[in-house]
Amino acid sequence: HTSWLHRRVDVEYNGWWMCLIPTAIIREIGLALPVFIKWDDAEYGIRAKAAGFPTVSMPGVAVWHVPWQDKTDAVDWQAYHHLRNRLVSALLHSPYKRGGSLVGESSQVQVQHLLSMQYSTAKMRLMALEDVLSGPEHMHAELASKPAELKKVRATYPDAQSSVDVEAFPAAKRKKPPKRGKEPTSPSNPIDLVVKAAIGGLRQLRPVDPTTKDRPQAVVASQDAHWWILSPLDGAVVSAADGKTASWHKRDPELFRNLMRESVTAHARLLREWPALAARYQEAAPDFTSPEQWRREFQGE
């Protein structure tokens, strides 16, 4: 007979949604990555396919998922898992030298978060980089404790202090309206992108306007909270993607410099050490995905 592993995921369909995996596959390729959330299902599918096992979809079965534009998990404490787990998956399976464009894309995203005064998100992603660089040993060692640690660290940053009432924040101190034709616009080409990023970056080094320390300069809806909109401001109240809460993003030149320096160093090190790290993770994968290791995890050993 065939036994099945029933595994709950973050989508609800009549209360539960089940992935059905024959135990023969588990015995051959092990269990999922010990990553808590994000990328575990994708990595497992890639691993199974590489071992010759096909993925079968059931026609007519549908599931409703919260739209991505209504989720904030890319900027809250889960930003750690988005990046850490993606990097681990790439170290295990990427066919490209040094992960292809992944490290460069991560660097760009990190700069965008810093220009948007999303310092807590930048910190979460920096912690992800540091853990990946520490090697595969960290994965099972911190599986149970990591979420609480992330939430504790994130809570120390202003942009992580949210309120369900936008009126709870001080009224915005409006900046002088920009001259006609000078409104912030989306970068239209690579050169424009670099210029806007450079101007925004240089502005982060300037002192903060003292009059904005007690009042934000604008209230910005989530869908408009792009880095080229936020980088010219010293502070802004930004709503969450679901519209239920808002947080006050405050520009901090010293914090920007520190996080930027640490981020550049971490990304450069990741690119430089990618081949050695990939070998370490690939060698350790059979152990940290084994049923025996997972059994020790659940037994608290």
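Residues numbered from 1 in each chain as written. Predicted model: local features only at pLDDT ≥ 70, side-chain atom pairs only at ≥ 80, totals over all residues. Heavy atoms only, no water.

### Details of the nonpolar core
Move 1: Within the largest apolar cluster, 47 residues are counted, with the highest numbers of intra-cluster contacts made by Leu-87, Leu-230, Leu-270, Trp-274 and Tyr-281.
Move 2: When residues of this core are traced back to their parent elements, those giving at least two are helix 3 (79-93), helix 4 (102-115), helix 5 (119-134), strand 4 (218-220), helix 9 (227-230), strand 5 (235-239) and helix 10 (253-288).
Move 3: The dominant element in this core, judged by the number of residues it contributes, is helix 10, at 10 residues.
Move 4: In contact with Leu-270, not counting residues within four places along its chain, are Leu-87, Val-103, Leu-129, Val-132, Leu-133 and Leu-277.
Move 5: Ile-26, Ala-32, Tyr-44 and Leu-143 belong to the second largest nonpolar core, which has 11 residues in total. (Core = buried A, V, L, I, M, F, W, Y, C linked by side-chain atoms within 4.5 Å. Buried < 20%, exposed > 50% of the residue type's maximum accessible area, 1.4 Å probe, protein only. Helix = DSSP H or I, 4+ residues; strand = E, 2+ residues; numbered from the N terminus. Contact = heavy atoms within 4.5 Å.)

### Structural notes on helix 8 (residues 190-203)
An α-helical segment advances 3.6 residues per turn. Residues three or four places apart therefore align on the same side.
Move 1: The terminal C-alpha atoms of helix 8 lie 20 Å apart, and with 14 residues this matches the ideal 20 Å at 1.5 Å per residue to within 8%.
Move 2: Taken as a whole, helix 8 has its buried residues at Asp-192, Gly-200, Gly-201 and Arg-203. All buried residues of helix 8 project into a common sector of 160° when viewed along the axis, lining one side. Those residues of helix 8 that are exposed and angled more than 90 degrees off the buried face are Pro-190, Ile-191, Val-194 and Leu-202.
Move 3: Lining the buried residues of helix 8 we find helix 4 and helix 10.
Move 4: The N-terminus of helix 8 is capped by Asn-189, whose side-chain oxygen sits 3.1 Å from the backbone nitrogen of Ile-191. (Expected span 1.5 Å × (residues − 1). Arc of directions from axis to C-beta. Polar contact = N/O pair within 3.5 Å; in protein donor to acceptor, adjacent residues only side chain to side chain.)

### Describing the sheet that holds strand 6 (residues 246-250)
Move 1: The four strands lie next to each other as 3-6-5-4, forming an open sheet whose pairing is mixed. In this open sheet, the two edge strands, each paired with only one partner strand, are strand 3 (162-163) and strand 4.
Move 2: Looking at chain direction, strand 5 and strand 6 are connected through five bridges and run antiparallel. Bridge pairing in strand 6 links Gly-235 to Lys-250. (Pairing = 2+ DSSP bridges.)

### Comments concerning the side chain of Gln-217
Move 1: Within the secondary structure layout, Gln-217 lies in the loop between helix 8 and strand 4.
Move 2: In terms of polar contacts, Gln-217 uses its side chain to reach the backbone amide nitrogen of Asp-234, at 2.6 Å.

### Thoughts on a nonpolar patch on the surface
Move 1: A cluster of nonpolar side chains, Ile-191, Val-195 and Ile-199, forms an exposed patch at the surface whose accessible area comes to about 310 Å².
Move 2: Topologically, Ile-199 is positioned in helix 8. (Patch = residues over 30% accessible without salt bridge, like charges linked within 9 Å, V, L, I, M, F, W, Y side chains within 5 Å. Areas by Shrake-Rupley, 256 points an atom, 1.4 Å probe, with all protein chains shown as cover. Salt bridge = Lys/Arg side-chain N within 4 Å of Asp/Glu carboxyl O.)

### Some words on the pairing of strand 5
Move 1: Counting buried positions along strand 5 gives four out of five residues, so the element sits mostly inside the fold.
Move 2: Here three bridges tie strand 4 to strand 5, and the two strands are oriented parallel to one another. What sits directly across from Val-219, in strand 5, is Val-237.
Move 3: Hairpin connection from strand 5 to strand 6: six residues lie between these consecutive antiparallel strands, with Gly-243 at a positive phi of about 75°.

### Here's the deal with the packing of helix 5 against helix 7 (residues 146-154)
Move 1: In contact at an axis separation of 10 Å, helix 5 and helix 7 are set at 140° when each is read in the N-to-C sense. With respect to each other, helix 5 and helix 7 are oriented oblique. Classified by chirality, the crossing of helix 7 by helix 5 is right-handed. Between helix 5, through Ser-120, Lys-123, Met-124, Met-127 and Asp-131, and helix 7, the contact on the second element is made entirely by Lys-146, Glu-149, Leu-150, Val-153 and Arg-154. (Axes fitted to C-alpha atoms, helices over the stretch in contact; angles between N-to-C directions. Parallel < 35°, antiparallel > 145°, perpendicular 65-115°, else oblique. Left-handed = near helix turned anticlockwise from the far one by under 90°.)

### Details of the packing of helix 2 (residues 40-50) against helix 3
Move 1: At a minimum axis distance of 10 Å, the contact between helix 2 and helix 3 shows a crossing angle of 10°. Judged by the angle between their axes, helix 2 and helix 3 are roughly parallel. The segment helix 2 lies against helix 3, with Glu-43, Ile-46 and Arg-47 engaging Ser-89, Leu-92 and His-93.

### Quick look at the confidence of the model for the protein
Low-pLDDT portions of the prediction should not be read for the details of their coordinates.
Move 1: Overall, the predicted model of the protein reaches an average pLDDT of 85, with 88% of residues at or above 70.
Move 2: Across the protein, the element-wise mean pLDDT spans from 36 in strand 1 (residues 4-8) up to 97 in helix 5.
Move 3: Within the model, the stretch residues 1-17 combines pLDDT values under 50 with 39 contacts to residues more than four positions away or in other chains. (pLDDT = per-residue confidence, 0-100.)

### Considering the environment of His-249
Move 1: Mapping His-249 onto the fold places it in strand 6.
Move 2: For the pair His-249 and Ala-160, spaced 89 residues apart in sequence, the C-alpha separation works out to 8.4 Å.
Move 3: Within polar-contact distance, the side chain of His-249 engages the backbone oxygen of Ser-116 at 3.2 Å.

### Notes on the pattern of salt bridges
Move 1: Enumeration over the complete set of coordinates arrives at 10 salt bridges.
Move 2: Residues Asp-131 and Lys-146 are paired through a salt bridge, measuring 2.8 Å at the closest nitrogen-oxygen approach. Of this pair, Asp-131 sits in helix 5 while Lys-146 is found in helix 7, placing the two residues 15 residues apart along the sequence.
Move 3: Relative accessible area serves as the criterion here: at 11%, Asp-131 is assigned to the buried category.
Move 4: Looking at Lys-146, the relative accessible area reads 4%, which means it is buried.
Move 5: Salt bridges linked by common partners bring Asp-131, Glu-142, Lys-146 and Glu-149 together as one network.

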